[in-house]
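# Breakdown of the fold
Take a look at the letters that make up each chain.
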Amino acid sequence: MATTRRIGPLHLEDLEPHRFEDLVRQLIYDFRSWRSLEATGRAGSDDGFDARGTEIIPGEANADEHEDEEEAPTPPNGTRVWLIQCKREKAIAAKKLTGYLEALPEADSDGLYGIIFAAACNFSKTARDAFLLKARERGFMEAYVWGKGEIEDMLFQPKNDHLLFAYFGFSLKTRQRSLKTEVRARLATKRKAQRLLEQCNAVLIRDATDDRYPHLDPEEARSRIDRGRWTVLTFKGCFSDGLHFLVDRHFAYVGDDEQEWDYAERVNDGPVHRHENPWRKEEEDDHEARAAAMAEWEVLPERNRAWFEVLAVLPYENILDIDEKGDEYSGLPHIYTTAFDHRKGPFHHYCASVETIDRWGVPLRASPEEDKRVQKFNQNPSETVEDQPPLPERLPVPDDEPSRPRRPRLDRRPRGSGRADP
């Protein structure tokens, strides 16, 4: 599947200072019920106010029953004045934070009720505790520290999505709609593949951008994928990560402990035959080698006879469309894909399995790791397993031409048993 998309940290510190003040002021609109919010910092000579808010206190003006109680300093007409300070700094230590408060007017003498200190950085617990203590000493009844984390939390709330877009250029609602569209497209592709493709039948996979089809590039010295970006493979089914296609298939062995395993390297039954793949060269299969490998396979206990299969995984998002009718060059179903990668073609990854062919009991499975491999098949009269080169990291894109099978190192244990008689 495609790599998960993530949203990185918001770079609040990159905003112009007045724009950062604007952002904070707009975020506090629903913090309290305001009579006014003033952008005092934009005009200079702000007396420590980057913004000033006048909070409405419903019913406060007529609440005579509370006259004798000790109350916070409250201006007339049932309102409270808040001080909003904004600092677009990357780091503010506890001493520096309390220093900002020292420079502010006394709350009691200036009729201030509360303060919100917002900054584009994160604050330590020590800095927050020191701020609250100093705010009480200065006479503020309520005090809040908004660091980078708090501001990001507010911006990611659905009600503030318009601010996220206005200040940082992206919208979570738009991303959600886009994700919904992507999911629908993947599901539609999966349903179409299930409806049009038959398991274990050959299909033609082709790069929709390659206009050379159906004629291969005449330069035979080039690799097969460079000569024509299409290939014929056997369809194995629809899975959560995409469509699976058979690349290699070999006689194999799985031990009773499901640890030991081996396979006949020189005999590959995976490539589609020439009558379904006109671009494949004339058969060059080593029938003698196949007969020898099959003889070795048949002397194994039936319980331990297995298939080793390598599968290519085509993600749903790499599929543009499926034509079940084919054309005059190939009547196989055509799967049109995005542009081939030079190394992997349209596939995301390869996976492999080693599983016994037992149809009635519980099949044996092994993880095909090189250090668990034993000698059950005669790979080459002059070679033993120990003499053979290490497994490559990836199987190359199938080129539809017979060659000595390679031994892929697995990304993970695949699904699909490949249970069939040779």
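None of the values given here were measured: they were computed from a predicted structure.

## Focus: the overall build of the chain
Scanning the chain from N- to C-terminus turns up nine helices and 14 strands. Once local pairs closer than 6 in sequence are excluded, the contacts in the chain between residues at least 24 apart make up 71%. Of the roughly 22,300 Å² of accessible surface on the chain, 48% is carried by carbon and sulfur atoms.

## Points about the nonpolar core
One finds Leu-197, Leu-243, Phe-245, Phe-308, Ile-335 and Phe-347 to be the most contacted residues of the largest nonpolar core, which totals 28 residues. Elements with a contribution of two residues or more to this core: strand E6 (202–207), strand E7 (230–239), strand E8 (242–254), strand E9 (261–263), strand E10 (305–314), strand E11 (319–323) and strand E13 (349–356). Counting 26 residues, the second largest nonpolar core, distinct from the first, contains Leu-12, Cys-86, Ile-151 and Leu-155.

## Notes on a nonpolar patch on the surface
Residues Leu-179, Val-183 and Leu-187 make up a contiguous nonpolar surface patch of about 230 Å² in total accessible area. Looking at where Val-183 falls in the secondary structure, it is placed in helix H7 (residues 172–196).

## Comments concerning the side chain of Asp-262
Following the sequence through the fold, Asp-262 ends up in strand E9. Of note is the side chain of Asp-262, whose polar atom sits 2.7 Å from the side chain of Arg-373. Within the local environment of Asp-262, its side chain forms a polar contact with the backbone nitrogen of Phe-377, the two atoms lying 3.0 Å apart. Ignoring any residue separated from it by four or fewer positions in sequence, one finds Asp-262 in contact with Phe-251, Ala-252, Tyr-253, Arg-373, Val-374, Gln-375, Lys-376, Phe-377 and Gln-379.

## Remarks on the pairing of E8
Taken across its 13 residues, E8 has 13 buried, putting it largely inside the fold. Of the strand pairs in this sheet, E7 and E8 are connected by five bridges, and their pairing is antiparallel. In the sheet register, Thr-234 faces E8, and the bridge partner there is Leu-246. The turn joining E7 and E8, which pair antiparallel and follow one another in sequence, is formed by two residues. Note: E8 against E9, three bridges, orientation antiparallel. Note on E9: the bridge partner recorded for Val-254 is Trp-261. The antiparallel hairpin formed by E8 and E9 contains six residues in its connecting segment, where Glu-258 sits at a positive phi of about 55°.

## With respect to the environment of His-342
In this fold, His-342 is placed in the loop between strand E12 (334–337) and E13. Judged by relative accessible area, His-342 falls into the exposed class, the value being 55%. Taking the C-alpha atoms as reference, His-342 lies 7.5 Å from Ile-225; in sequence the two are 117 residues apart. Apart from residues no more than four positions distant in its own chain, His-342 is found in contact with Ile-225 and Asp-226. A polar contact is formed between the side chain of His-342 and the side chain of Asp-226, at a distance of 3.2 Å.

## Some words on the packing of aromatic side chains
Within this structure, the stated rule accounts for 22 aromatic pairs. Between Trp-34 and Trp-82, the aromatic rings sit 6.2 Å apart at their centres with planes inclined by 85°, giving edge-to-face as the arrangement. With Trp-34 in strand E1 (residues 34–38) and Trp-82 in strand E3 (residues 79–87), this pair connects stretches of sequence that are 48 residues apart. For Trp-82, a relative accessible area of 0% corresponds to the buried category. Considering the side-chain rings of Phe-235 and Phe-245, the 5.8 Å spacing of their centres and the 55° angle between planes classify their relative orientation as tilted. Of this pair, Phe-235 sits in strand E7 while Phe-245 sits in strand E8; the two residues are 10 residues apart in sequence, bridging distant segments of the chain. For the residue pair Phe-235 and Phe-245, the accessibility class agrees, reading buried in each case.

Calculation criteria
Residues numbered from 1 in each chain as written. Predicted model: local features only at pLDDT ≥ 70, side-chain atom pairs only at ≥ 80, totals over all residues. Heavy atoms only, no water. Helix = DSSP H or I, 4+ residues; strand = E, 2+ residues; numbered from the N terminus. Contact = heavy atoms within 4.5 Å. Areas by Shrake-Rupley, 256 points an atom, 1.4 Å probe, with all protein chains shown as cover. Core = buried A, V, L, I, M, F, W, Y, C linked by side-chain atoms within 4.5 Å. Buried < 20%, exposed > 50% of the residue type's maximum accessible area, 1.4 Å probe, protein only. Patch = residues over 30% accessible without salt bridge, like charges linked within 9 Å, V, L, I, M, F, W, Y side chains within 5 Å. Salt bridge = Lys/Arg side-chain N within 4 Å of Asp/Glu carboxyl O. Polar contact = N/O pair within 3.5 Å; in protein donor to acceptor, adjacent residues only side chain to side chain. Pairing = 2+ DSSP bridges. Phe/Tyr/Trp six-rings, centres within 6.5 Å; stacked < 30°, edge-to-face > 60°.

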